[in-house]
Amino acid sequence: MFERPSAGERAVLVQLDLGQGLIDERLSELKLLVGSAGASIEAVVQGRRQAPDPKLFAGSGKVQEIGEALRAHSADIVIFNHALSPGQQRNLERELQCMVIDRTALILDIFAQRARSHEGKLQVELAQLEHLSTRLVRGWTHLERQKGGIGLRGPGEKQLETDRRLLGNRVKMLKSRLAQIEKQRKVRRRARERREVLSVSLVGYTNAGKSTLFNALTKAGAYAADQLFATLDTTSRRLYVGGEGAGASVVLSDTVGFIRDLPHALVAAFRATLEETVQADLLLHVVDSASEDRDAQIAAVNEVLAEIGAADVPQVLIWNKIDLTHAVPAVERSDCGNIRRVFLSARTGKGLDLLREALAEVAQQAFHEDADREAGTVEELPIQS
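Here we summarise the structure given alongside this text. (Residues numbered from 1 in each chain as written. Predicted model: local features only at pLDDT ≥ 70, side-chain atom pairs only at ≥ 80, totals over all residues. Heavy atoms only, no water.)

### Re the packing of aromatic side chains
1) Next: Following the criterion strictly, the structure yields 2 aromatic pairs and no others.
2) Next: Residues Phe-57 and Phe-80 carry aromatic rings whose centres are separated by 5.9 Å and whose planes lie at 85° to one another, so their mutual orientation is edge-to-face. With Phe-57 in the loop between strand E2 (40-48) and helix H2 (60-72) and Phe-80 in strand E3 (residues 77-80), this pair connects stretches of sequence that are 23 residues apart. With respect to burial, Phe-57 and Phe-80 carry one shared label: buried.
3) Next: Lying across the ring of Trp-319, Arg-341 places its NZ or CZ 4.5 Å from the centre. (Phe/Tyr/Trp six-rings, centres within 6.5 Å; stacked < 30°, edge-to-face > 60°. Helix = DSSP H or I, 4+ residues; strand = E, 2+ residues; numbered from the N terminus. Buried < 20%, exposed > 50% of the residue type's maximum accessible area, 1.4 Å probe, protein only. Lys NZ or Arg CZ within 6 Å of the ring centre and 35° of its normal.)

In structure tokens:
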């Protein structure tokens, strides 16, 4: 019987080229994720395959190479930048005699470290339990033993079955709590709608500068750092934009950052939080303009937005970090005069006044649209989706 190894902090990273492209960018992102999780990188093993091996994902030869790297660097954990099946993870741990985790488990670990609010902790726990539920079978020897001893002899239920049942009950309870939180959020949203307050959500790739921009606009003091998934909990603040007679009230929400190949379990668990994005009147899509991978990051964010049903919410691209690219603050419009992009630096504050003016313009147009709708005529909101 296989006893699952204990975890460690000295990691060997595995990145295989399966034809998905952007290998260097994916490996750089994996290193950032591992650093955010608090592990040290001892070695990196790369390779190329046409398709994953059904048993070991990487194939027996590559697994032997991983084992040699483990021993040479005295590492105690292997991290795959891929999604492993429960069987592949179990077989790899049996071959390597160390803890093996995949990309999903790594992101879940970071989320568990970052969650601060009660809701965030519930969401992370739900995602962890749903991920664990597929990895109970024969992963731990104690789960195969039947209960025994005086007062504990039952009808023959194995510990594995007991754990699975208890896990299912816990998942059901967490989903119930999150559903209640979602109801409370809907009540607050309806109150904002009655007060004619524009709802704006910041979205973007993780580490694009959303929280820094949020703090610069609202002085909220939300946690911001140069690391992936620095903040998970949605924070909302009221923001007044525009001048005398043309001002407008906006509720600005900072949301969890997205990443390519974001695990579906995380999207499902954070649906209550992401509901704020779906119901927003406008999305400020924050882009790290200094990143060479920005086009792929934009595509990854739009993919997640489509998955949660927010693909049709109007967007304005916020071209952040222009202090690193030496661009100048500006507002880019389409041929129809619609706002498409705002160039700024959240860190230095350059261009923030342009963003405030853009938000005031959008808010005024939105309120005029509501008035026209009541009168029977509707004008198109001047935003490029």
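After that view of the structure, there is still more to cover.
### So, the pattern of salt bridges
Two side chains with opposite charge may pair up if their charged atoms get near one another.
1) Next: Applying the stated criterion across every chain yields a total of 9 salt bridges.
2) Next: For Glu-125, the salt bridge identified is with Arg-170, shortest N-O distance 2.7 Å. Pair noted here: Glu-125 is in helix H5 (residues 118-132) and Arg-170 is in helix H6 (residues 159-194), with a separation of 45 residues, a long-range link.
3) Next: Residue Arg-333 pairs with Glu-361 through a salt bridge whose shortest N-O separation is 2.8 Å. (Salt bridge = Lys/Arg side-chain N within 4 Å of Asp/Glu carboxyl O.)

### Digging into the sheet that holds E2
1) Next: What the 4 strands build is an open sheet, ordered E2-E1-E3-E4; its pairing is parallel. The open sheet is flanked by E2 and strand E4 (99-101), the only strands paired with a single partner. Strand-to-strand twist in this sheet, taken as the mean axis angle between neighbours without regard to direction, amounts to 20°.
2) Next: Looking at chain direction, strand E1 (residues 10-17) and E2 are connected through 8 bridges and run parallel. In the sheet register, Ala-11 faces E2, and the bridge partner there is Ile-41.
3) Next: The sheet strands contacting H2 are E1, E2 and E3, and the helix crosses E2 at an angle near 160°. (Pairing = 2+ DSSP bridges. Axes fitted to C-alpha atoms, helices over the stretch in contact; angles between N-to-C directions. Contact = heavy atoms within 4.5 Å.)

### Some remarks on the nonpolar core
1) Next: One finds Ile-79, Leu-106, Phe-258 and Leu-305 to be the most contacted residues of the largest nonpolar core, which totals 37 residues.
2) Next: Secondary-structure elements contributing two or more residues to this core are E1, helix H1 (23-37), E3, E4, helix H4 (103-114), helix H9 (271-278) and helix H10 (294-307).
3) Next: Setting aside its immediate chain neighbours within four residues, Phe-258 contacts Val-203, Gly-204, Tyr-205, Thr-206, Leu-274, Val-301, Val-304 and Leu-305.
4) Next: Formed by 30 residues, the second largest nonpolar core is a distinct cluster that contains Ala-208, Leu-344, Leu-355 and Leu-359. (Core = buried A, V, L, I, M, F, W, Y, C linked by side-chain atoms within 4.5 Å.)

### Digging into unusual backbone geometry
1) Next: The residue Phe-57 is not glycine, and still its phi comes out positive at about 65°.
2) Next: Of note in the backbone geometry, Asn-207 takes a positive phi value of approximately 70° without being a glycine.
3) Next: Relative accessible area serves as the criterion here: at 22%, Asn-207 is assigned to the partly exposed category.

### Points about the sheet that holds strand E8 (residues 282-288)
1) Next: As summarised here, the arrangement of the 7 strands in space is E6-E7-E5-E8-E9-E11-E10, forming an open sheet in which the pairing is mixed. With one partner strand each, in any of the chains shown, strand E6 (235-241) and strand E10 (330-333) form the two edges of the open sheet. Shown here is a sheet whose adjacent strand axes are inclined to one another by a mean of 25°, direction ignored.
2) Next: When E8 meets strand E9 (residues 315-320), the two strands line up parallel, connected through 6 bridges. Residue pairing across strands places Asp-288 opposite Asn-320, the latter belonging to E9.
3) Next: Where helix H7 (residues 210-218) meets the sheet, its contacts fall on strand E5 (198-204), E6, strand E7 (248-254), E8 and E9, and the angle it forms with E7 comes to roughly 150°.
4) Next: Contacts between H10 and the sheet are confined to E5, E8 and E9, with E8 contributing the most and set at about 150° to the helix.

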